[in-house]
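This is what each chain is made of:
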Amino acid sequence: MEEAVRYRRERIDRGIKARSDTIYTLASSRDMLYLLFPRVLPIVALFCLPLLMGGSYWGKVIFYSCIFALLALSWDFMASVGLVSLGQALFFGAGSYVAGGFNHYLKWPMLLTIPAATLGGALICTILLVPVVRLRGVYFSMVTLILPLLFAHLIETLEILGGTHGLLSLTPFPNHWLAVYIAVIAVVIVLFGFRRLINEDFGLVLRGIKDDDRVVMAGGINIYWYKAQAIFISAAVGSFAGALMTHYYQFVGRSAFALDYTILPLAGAVVGGPGSFAGATLGSFILVPLSEALRALGGLRMALYGIILIAALAVLPEGIFHYIERKYHQFERVVKI
Amino acid sequence: MEILIYGITNSVTLALMAIGFSLTFGISGLANFAHGAFYLLGGILTWIFLNQLGVPYLFSALISILLVGLLGFLLYWGLMLRLRGLAINEVIATLAAAIVIIEVLRWLGFSGFTYVLPEFIKGSVKIGNVWLDYQRIFLVGIGVALIIFFYLFTHRTKVGLSFRAIAQNERTAISLGIDSDWTAALSLAFGSALAVVAGLAILPLGSIDTEVGYDILIYALAVGIVGGLESIPGIVLASFILGFCQIAVATFFRAQWQTVVTLGAIVIILAVKPSGIFGKYKELEERV
Amino acid sequence: MSDEIILKIENLTKRFGGVTAVDQISFDLRQGEFLGLIGPNGSGKTTLINLITGFVKPTAGKITYRDQEITGKAPYTIACLGISRSFQMVRTFHKLPAFKNLIVPLYSPRVKKFGGGKYGERDDIAIDLLDDLGFERDSFVPYKVAGSLPHGYLKRLDLARCIALRPDLLILDELFSGMAMSEVAATLPMIEKFNREGLTIIMAEHRLKELFRVASRVIVLNFGQKIADGPPKEAMGKEEVQKAYLGTEVEG
């Protein structure tokens with residue numbers, strides 16, 4: 001039998017010590033650059049993009065991307081504790097309505113409404129969701145899915161908080177730049193904050209709960225308390241995004257509880273790659289501009305998100321970010337078999 | 001009297017909406033968020049067969065039930081099978097499927113007064129001082145029949161028993177020669193078909209609106225959460241509690257308050273007994 | 001060994017559907033005692049452990065730990081009182097480096113009291129603990145991802161996780177199962193040392209020869225019932241125990 005010469009690709013991890021999780025031995029400035037580049041690049045890009053776009057339509061898109069990135073980050077944080085939320089709209093809506101309500105009825109200035117909405121919204125969501133964390137499986141997903149939809153119904157039928165019309169003429173941001181840069185800074189802080197937090201001892205416990213909650217309980221840790229904390233942190237980020245959006249739009253309506261605010265961050269996080277936070281951000285910054293570009297599709301956009309989600313799950317379940325990360329840390333060569 | 005009759009029909013309606021979802025969940029642990037989408041799709045397919053293609057009503061209905069059942073089967077075989085085991089992905093995939101179906105239907109414009117399914121049996125009867133149309137009686141009949149069928153199916157037949165075996169312990173079931181993927185796919189097919197049956201019983205009472213795709217999901221989930229997802233008595237009881245409360249509230253206060261009942265029930269049940277009235281507390285129990 | 005009773009179990013019963021996994025078991029455990037828990041497969045050893053540690057709620061009966069009733073309390077509450085357990089099946093966080101596995105118990109309120117909260121301090125404590133248990137600190141072993149370690153190491157990692165909680169009562173569920181002879185021989189003296197230092201230990205085990213070398217008392221279970229209680233030789237001499245073991249295969 002004749003042996004055909006065959007080749008295969010060999011993938012090799014780049015041999016730098018600094019890639020170990022725990023030991024840091026930086027050998028050279030080249031290694032430093034190797035590590036710093038992927039971390040600095042997104043920050044620079046985030047701060048420069050609004051400048052390039054200015055106050056144009058695409059400048060607004062950057063703001064929306066940031067909002068959805070925050071929601072995706074908040075989803076990813078809960079997912080890393082094993083809580084799969086299908087209701088980022090709950091956090092978003094809670095934050096929106098708390099900010100809108102304080103601003104509309106009590107005439108609080110923006111400087112007060114946004115922090116109040118962040119904490120208040122987070123508190124409301126946590127109280128609503130904490131009973132469910134005792135249950136395993138998909139109960140949590142179901143409850144998170146159903147609550148925002150019910151709230152939207154409630155506001156519509158009871159005509160509370162402005163009913164179908166929503167709360168109008170809220171305080172706007174003084175200018176576009178302030179809004180965009182608050183959002184950008186928030187994304188950067190949350191992104192790197194979460195990445196840091198999840199590798200701290202606290203984050204280790206949270207990840208432990210996801211992997212094997214029995215071991216964590218045997219270790220004397222009240223998993224429900226930690227899950228509640230995770231929900232609170234995550235809900236605070238989501239509510240903050242809602243409050244920002246409310247003031248940006250100068251309007252809050254029941255659409256704040258709409259499925260859009262659930263499905264787009266979800267798609268962003270899944271497409272980008274869950275579990276890394278960077279993936280969620282990256283995914284949002286891909287999907288939001290994409291969906292704006294496809295505005296012509298109108299109602300089909302939601303369907304498109306669904307298709308993207310399914311495709312991402314089936315084709316690249318690890319997500320774009322993990323794929324890039326892997327490629328960055330490896331080099332390939334072709335070897336003869 | 002009024003409350004009693006409307007309460008019963010409303011409760012059975014809720015039970016009908018929830019039963020397919022619970023069946024699938026109880027068997028394969030799969031939360032089929034596309035339940036509402038299938039309900040809607042079934043209604044619209046029947047309408048197309050009936051009005052565009054001129055197929056007799058009964059046949060249109062049967063074809064739709066089979067088609068959507070097949071779709072459920074394909075959803076499992078084509079998509080869920082690849083994602084099985086990762087809870088996150090399963091949940092997201094069915095929700096995504098639901099959104100694709102509903103939004104495409106919405107885009108195609110299947111909404112409004114043109115899209116009305118005729119009643120199976122015309123006419124109405126007066127019970128006490130309440131006029132009740134035959135369709136509602138038919139609906140109650142279907143509901144009761146389905147619940148009994150569902151119960152007998154899972155407790156008496158071989159397929160049903162193997163379904164329950166999988167629900168209890170998938171690995172053991174596999175080792176006993178039960179093909180878990182096959183049964184799970186079947187369960188999704190059954191659940192989807194039941195969604196269509198429910199749709200065909202309920203939809204003739206009004207016009208088809210794509211929004212019901214989401215509403216049905218809300219109600220199915222609400223009933224499941226209140227009653228405890230895997231339990232048939234729980235579903236029935238929760239349907240009756242929610243159904244009667246809704247009617248009572250609508251009669252004594254205002255019709256709009258019905259949503260409050262649902263939300264209130266969920267919040268209360270979550271605070272008091274998160275696993276639902278008859279739900280098993282699947283928290284920690286570890287067998288040897 | 002002092003006379004203080006650390007754990008008191010009264011008429012403990014657990015039924016799973018129609019099966020009575022643990023049937024009316026009562027016994028006392030004194031401070032510093034080394035109790036062996038033996039019995040054929042399926043005799044209820046693991047269930048008994050799950051009951052004591054709160055992972056399974058009893059159908060009936062009462063568990064008292066240091067004059068405090070702990071029946072039906074949450075596992076983490078019981079763990080914080082100082083009852084630490086290992087798992088029969090190896091349960092580690094496979095993706096984490098071995099020493100990071102110990103962070104979880106070190107983060108618990110029980111251990112927080114003793115300090116060690118500053119950044120990186122828990123890592124040092126974890127490596128110290130592992131070093132004591134034969135994961136040499138200068139080798140690569142404690143830093144390796146847990147999933148890549150051999151089974152014997154994982155079992156010892158589980159033991160380290162239990163010890164990290166600074167328990168007063170240590171419950172080991174078939175620690176030696178799947179370990180090589182040499183590993184057992186290396187681990188046994190460590191456990192003996194813990195016991196000598198005052199730790200009360202319950203050890204469910206199939207390897208009777210090794211167990212009898214360290215245990216001062218054994219309880220034999222069969223079909224959920226206690227059929228013997230006493231020093232190893234005496235308990236094994238009982239006719240019922242012989243019968244229980246004759247029918248089934250004795251491992252180890």
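Sequence order as written defines residue numbering, which begins from 1 separately in each chain. Numbering of ligands from 1 and lettering of chains from A proceed in the order in which they are written. At least 70 in pLDDT is required for a residue's local features to be given in this predicted model, at least 80 for side-chain atom pairs to be given and counted, and no such filter applies to totals for whole chains, interfaces and linings, which use all residues. Heavy atoms from the whole structure form the basis of all side-chain values; hydrogens and water molecules are not counted.

A few words now on the overall build of chain B. Along chain B, the regular secondary structure elements total 11 helices and 2 strands. Secondary structure elements are defined from DSSP: runs of H or I of at least 4 residues count as helices, runs of E of at least 2 residues count as strands, and each element is numbered from the N terminus. Ordered by position from the N terminus, the helices and strands of chain B form the series α-α-α-α-β-β-α-α-α-α-α-α-α. Only protein chains enter the accessibility calculation, which uses a 1.4 Å probe. A residue is then buried if its area is under 20% of the maximum for its type, exposed if over 50%, and partly exposed in between. Within chain B, the proportion of its 288 residues that are buried is 55%. Total accessible area computed for chain B in this model is approximately 12300 Å², and 68% of it derives from carbon and sulfur atoms. Residue exposure ignores everything except the shown protein chains as possible cover, and the areas themselves are Shrake-Rupley values with a 1.4 Å probe.

For the rest of this paragraph, the subject is the pattern of salt bridges. Should a side-chain nitrogen of Lys or Arg be within 4 Å of a carboxyl oxygen of Asp or Glu, the pair is scored as a salt bridge. Counted under the stated rule, the structure contains 19 salt bridges over all chains. Arg-326 of chain A is the salt-bridge partner of Glu-318 of chain A, the closest N and O atoms lying 2.8 Å from each other. A relative accessible area of 34% means that Arg-326 of chain A is categorised as partly exposed. Note that Lys-100 of chain C and Asp-123 of chain C form a salt bridge whose closest N and O atoms lie 3.3 Å from each other. With Lys-100 of chain C in the loop between strand S6 (83–85) and helix H3 (103–106) and Asp-123 of chain C in helix H5 (residues 121–132), this pair connects stretches of sequence that are 23 residues apart. Using a relative accessible area of 12% as the deciding quantity, one classes Lys-100 of chain C as buried. Each of Arg-30, Glu-33, Arg-217, Lys-226 and Asp-229 of chain C takes part in salt bridges that share partners, so that together they form one network.

A separate point is helix H6 (residues 176–199) of chain A. Its 24 residues place the ends of H6 of chain A 35 Å apart at the C-alpha level, agreeing with the 34 Å of an ideal helix rising 1.5 Å per residue. A distance of 3.0 Å separates the backbone nitrogen of Trp-177 of chain A from a side-chain oxygen at the start of H6 of chain A, and that oxygen is part of Asn-175 of chain A. To estimate the expected span of a helix, count its residues, drop one, and scale the result by 1.5 Å. Each polar contact in these results corresponds to two N or O atoms within 3.5 Å; when the atoms are within protein, one needs to be able to donate a hydrogen and the other to accept it, and residues that are neighboring in sequence are counted only if both atoms are side-chain atoms.

Residue and element names in this part refer to chain B. Between N-to-C directions, angles span 0 to 180 degrees; the directions come from axes that are lines fitted to C-alpha atoms, helices contributing only their stretch in contact. Between helix H1 (residues 2–28) and helix H10 (residues 232–252), the least distance of the axes is 7 Å, while the angle of their chain directions is 140°. Between H1 and H10, the crossing angle belongs to the class labelled oblique. Considering the relative orientation of H1 and H10, their crossing is right-handed. Along its contact with H1, which presents Ile-3, Leu-4, Tyr-6, Gly-7, Ile-8, Asn-10, Ser-11, Val-12, Leu-14, Ala-15, Ala-18 and Ser-22, the element H10 presents Ile-235, Ser-239, Phe-240, Leu-242, Gly-243, Phe-244, Gln-246, Ile-247, Thr-251 and Phe-252. Think of it as three bins: nonpolar holds Ala, Val, Leu, Ile, Met, Phe, Trp, Tyr, Cys and Pro, charged holds Asp, Glu, Lys and Arg, and polar takes everything else, Gly as well. By residue class, the composition of the contact of H1 with H10 is 14 nonpolar, 8 polar and no charged. Every angle not falling under 35 degrees, over 145, or within 65 to 115 is termed oblique; those three ranges are roughly parallel, roughly antiparallel and roughly perpendicular. We call a crossing left-handed when the near helix sits turned anticlockwise from the far one by less than a right angle, and right-handed when that turn is clockwise. Any two residues whose heavy atoms approach within 4.5 Å are treated as being in contact.

The next subject is the interface of chain A and chain B. Quoted interface sizes are often the accessible area lost when the parts come together. In this complex, chain A contributes 43 residues to the contact, which on the side of chain B involves 49 residues. Here's the idea: put two parts together, see how much 1.4 Å probe accessible area each one loses, and the total over both is what we call buried area. Interface area for chain A against chain B, summed over the two sides, is near 4200 Å², with a carbon-plus-sulfur share of 81%. By the criterion of area lost to chain B, the three top residues of chain A are Tyr-139, Met-142 and Leu-313 of chain A, representing 15% of everything that side buries. On the surface where chain A and chain B come into contact, there are 0 salt bridges. Counting across the chain A and chain B interface gives 1 residue pair in polar contact (both at pLDDT 80 or more). Going through the elements one at a time, helix H2 (57–79), helix H5 (139–158), helix H8 (213–218), helix H10 (260–272) and helix H12 (300–315) of chain A are the ones with two or more residues in the side of chain A that touches chain B. Among the elements that make up the side of chain A that touches chain B, the one with the highest residue count is H5 of chain A (14 residues). Tallied by class, residues from the side of chain A that touches chain B come to 35 nonpolar, 5 polar and 3 charged.

Residues and elements named next belong to chain A. Compared with the 39 Å implied by 1.5 Å per residue over 27 residues, the 39 Å span of helix H9 (residues 223–249) between its first and last C-alpha is a close match. The buried count for H9 comes to 22 of 27 residues, which makes it a mostly enclosed element. Sitting at the amino-terminal end of H9 is Asn-222, which places a side-chain oxygen 3.1 Å from the backbone nitrogen of Tyr-224. Phi turns positive one or two residues past the end of H9, at Gln-250, with a value near 60°.

With that out of the way, let us pick up the domain arrangement of chain C. All names here are of chain C. Annotation comment: domain bounds sourced from an automatic or database domain assignment. Entries for chain C in the domain assignment read domain 1 (1–82 + 167–252) and domain 2 (92–166). Using only C-alpha atoms to locate each centre, domain 1 and domain 2 end up separated by 25 Å. With 20 residues of domain 1 at the interface, the matching set in domain 2 holds 15 residues. Summed over both sides, the interface between domain 1 and domain 2 buries roughly 1400 Å², with carbon and sulfur atoms accounting for 71% of that surface. Its largest share of buried area at the contact with domain 2, domain 1 owes to Cys-80, Pro-167 and Met-190, together 34% of the area lost on that side. Inspection of the domain 1/domain 2 interface yields 1 salt bridge. The partner of Arg-110 in a salt bridge is Asp-168, and the shortest N-O contact between them spans 3.6 Å. Across the domain 1-domain 2 interface, the total number found is 3 residue pairs in polar contact (both at pLDDT 80 or more).

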